[in-house]
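The residues making up each chain are set out below.
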Amino acid sequence: MIPSHIDLAGFEIEIINEMSREAIMKERIEGHADKYDFIFMDYSPSLGLLVINALVVSDSCLVPVQCEYFTLEGLAKLVDTIKLVQKKVNINLKIEGVIPVMYDGRTNLSQEVVKELKTAFDDLTYTTIIPRNIRLADAPSFGMPVFFVDRKYGAYGSSDLIFENAGAIAYLNLAKEFLLRNNKKILKE
């Protein structure tokens, strides 16, 4: 798991004059990739050199899509960028899936965005939908994943975690769906 960080804001400026700047990440990861089943890279939703680097080194990408109007326009630009990367430098790149996030079932807009995603991306749209959730929004301020912010231990002191938060439960379901789509055994239900 390679998380995004505020320090990456200067990445593009630092590499602007580098040779093969779109492949810097590929050079760093290539020798290590076969040690892992999956490598997840998180980055900002901009379409700059950092995103291009991630697309060049990746086999596939998961695309979280906020359930808001302008997000669909941004998604179209990302799909165009993916096609360009496929054509120029990474023929194997594919969209692994599209994940509706920040979903508010009380709004027609959220429902319409999910409907549009299913129409445009068919089987690539994950069935798991990540809800708009206060705990998910608060977790970064604690510097922790939502799983550690909102949890309690199981009955009688068991070490099994019980999650009461809809956001945490949704992300666990997303992980299960991802593993099932990639034919990986889920270790513990």
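Preceding this section is the structure that the text describes.
Here's a quick rundown of the structure. (Residues numbered from 1 in each chain as written. Predicted model: local features only at pLDDT ≥ 70, side-chain atom pairs only at ≥ 80, totals over all residues. Heavy atoms only, no water.)

**Comments concerning the pairing of strand β1 (residues 60-66)**
Move 1: Alternating residues of β1 divide into Cys61, Val63 and Val65, all buried, and Ser60, Leu62, Pro64 and Gln66, none buried.
Move 2: Looking at chain direction, β1 and strand β2 (residues 94-101) are connected through 7 bridges and run parallel. Bridge pairing links Gln66 to Val101 in β2.
Move 3: Between the parallel elements β1 and β2, the chain passes through helix α4 (residues 69-88) in a crossover that is right-handed. (Buried < 20%, exposed > 50% of the residue type's maximum accessible area, 1.4 Å probe, protein only. Helix = DSSP H or I, 4+ residues; strand = E, 2+ residues; numbered from the N terminus. Pairing = 2+ DSSP bridges. Right-handed = clockwise from strand over helix to strand, strands pointing away.)

**Comments concerning the pattern of salt bridges**
Note on pairing: side chains with opposite charge can pair once their charged atoms come close.
Move 1: A full pass over the atoms with the stated rule returns 5 salt bridges.
Move 2: The residue Glu96 makes a salt bridge to Lys94 at a minimum N-O spacing of 3.6 Å.
Move 3: For Lys94, a relative accessible area of 44% puts it in the partly exposed group.
Move 4: Arg181 is the salt-bridge partner of Glu177, the closest N and O atoms lying 3.2 Å from each other. With Glu177 and Arg181 both in helix α8 (residues 166-181), this residue pair falls 4 residues apart, about one helical turn. (Salt bridge = Lys/Arg side-chain N within 4 Å of Asp/Glu carboxyl O.)

**A closer look at helix α3 (residues 49-57)**
Because an α-helix packs 3.6 residues into every turn, residues spaced three or four apart end up facing the same way.
Move 1: Counting buried residues along α3, 9 of its 9 residues qualify, which places the element largely inside the surrounding structure.
Move 2: Those residues of α3 that sit buried are Leu49, Leu50, Val51, Ile52, Asn53, Ala54, Leu55, Val56 and Val57.

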